[in-house]
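Chains, contacts and geometry: an overview
In case you want the letters, here they are:
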Amino acid sequence: MVKRRIAQGEAVSRVKPVLARALRTTPLLRLDVAHRGRVRRLGLKLEEHGPTGSVKDRSAVGLLRALHDERPLTPGTVVVESTSGNLGLALARLLPTVGCDFLAVVDLKTPHATRRRLADSGARVIVVDEPDGLGGYLLSRLRRVRELCADNPGYRWPDQYENWAAPDIHRRITGPELTEQAGPDLAAVYVPVSTGGTLAGIGAHLREHRPDVAAVAVDVRGSLAVSGSAGRRLVPGIGASRPSVFLRAPHSYDRAVHVDDIEAIAVCRIIAEDVGLALGGSSGCAVRAMLSDQEEAGPDGRLVVCLAADGGAKYRDTLYSDDWATEQGVAKEITSAVARLRSEGLFFDRKHQEH
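Each chain carries its own residue numbering, running from 1 in the direction its sequence is written. Given that this is a predicted model, residues contribute local features only at a pLDDT of at least 70 and side-chain atom pairs are listed and counted only at 80 or more, while totals for whole chains, interfaces and linings are drawn from all residues. Excluded from the side-chain calculations are hydrogens and water; all other atoms, namely the structure's heavy atoms, are used.

Helical segments are the DSSP runs of H or I of at least four residues, strand segments are the runs of E of at least two, and each set is numbered from the N terminus. Secondary structure summary: the protein contains 11 helices and 10 strands in total. Against the globule reference of 20 Å for 355 residues, the protein gives a C-alpha radius of gyration of 20 Å, in line with a compact fold. In terms of its C-alpha atoms, the protein occupies a principal-axis envelope of roughly 65 × 45 × 40 Å. Among the 355 residues that make up the protein, the fraction classed as buried is 57%. Every accessible area reported is derived by Shrake-Rupley at a probe size of 1.4 Å, with residue values counting cover from the shown protein chains alone. In the structure as shown, the protein presents an accessible area of about 14600 Å², 49% of it carried by carbon and sulfur atoms. Note that the radius of gyration is over C-alpha atoms, with the globule rule given as 2.2 Å times the number of residues to the power 0.38. For every residue, the accessible area (1.4 Å probe, protein chains only) is compared with the maximum for its type, and the residue is labelled buried under 20%, exposed over 50%, or partly exposed between those bounds.

So, in structure tokens, the structure goes:
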């Protein structure tokens, strides 16, 4: 089917209405979590229920709104962005509706299912295969974006890594939505960090409206996003090869927890087995961080929420695949981690979800 090229005036006038209608409320799923002799109340903020299945739907709206306000997005404009996948899917959904084209710069860790979805959405996909020497590909992707923009001055770059429009939309929309769903019993929110924009925005909302609630940064070992040292990282969508620009300010968050990616994958598999819910790897990191962080907390019965940034469907061939684990040389480690967590009594029991 041939798509009609949208006239310039029509497209420009449609940008703000399209973005205003682009988001939907995502549910909070409540679970009971048994671990080490205690039962805790856990809420999972399921961002997989967004339009393209991740929290980056929200970031994309904020970034494109800022880009349009800076200079109108006109038909034929090429928008280029570095992405591990989720923001790319969100941009690939929105940009064609206003007559713009999208160039996604991804890397070898981006799931093949995500690359196919990007291409099927009409995006042009460039795959960077040069590691950045710091456990990932981020710096190599950013270098490629800068080269593309230098060679093509008309390209527009939202820059999810340094554009404060991304944290701002999470401050104005994600944070209030989450706290309203969680209610007055909310004690802490665990947010996986890659760019850091989601945590920065949610944290800003909490500081202003719910200072009694802790904003906890969740990073993976081998990442520099919050602190630490560079190393191997298996889980996409969390961690980075450089510190987050958005989390440099004092009090951006209350504390940070670094988790082992093998244990995060084990948690994902346990949740899938117990409640039939497949989460993305960064969500497994958030839940594992919560389990570690809450060990010393008293049994006050308050609710803790983990931001589940995306679902697990796109990771069936990786995080949930024994063949992939064997190829990565971590099959025994994952099996051992599952057995160890089960021996500690880890079990998830579904309650209900709220919209």
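Picking up where we left off.
With that settled, consider the nonpolar core. Formed by 47 residues in total, the largest nonpolar core has its most connected members in L42, L44, Y190, V287 and F348. Sorting elements by how many residues they give to this core places helix 8 (residues 261-275) first, with 8 residues. Contact partners of F348, with chain neighbours within four places excluded, come to L31, D32, V33, L42, V267, I270, I271, D274, V275 and V287. As used here, the term nonpolar core means buried Ala, Val, Leu, Ile, Met, Phe, Trp, Tyr and Cys residues forming a set that is joined through side-chain atoms within 4.5 Å. What makes two residues a contact is simply this: any of their non-hydrogen atoms within 4.5 Å.

A few words on the state of the cysteines. Each disulfide is one covalent bond, formed between the sulfur atoms of two cysteines. Pairs of cysteine sulfur atoms within 2.5 Å are what we label disulfides. For the structure shown, the criterion picks out 0 disulfides. Free cysteine C100: the closest other cysteine sulfur is in C149, separated by 14 Å. Classification of C100 by relative accessible area gives buried; the value is 4%. Counting only cysteine sulfurs, C268 is the nearest neighbor of C285, a cysteine outside any disulfide, at a range of 7.3 Å.

It is worth spelling out unusual backbone geometry at this point. Although it is not a glycine, R36 adopts a positive phi angle of roughly 55 degrees. Along the polypeptide, R36 turns up in the loop between strand 1 (28-35) and strand 2 (38-46). Of note in this structure, D159 is not a glycine but carries a positive phi near 60 degrees. Relative to the helices and strands, D159 resides in the loop between helix 5 (138-151) and helix 6 (165-182).

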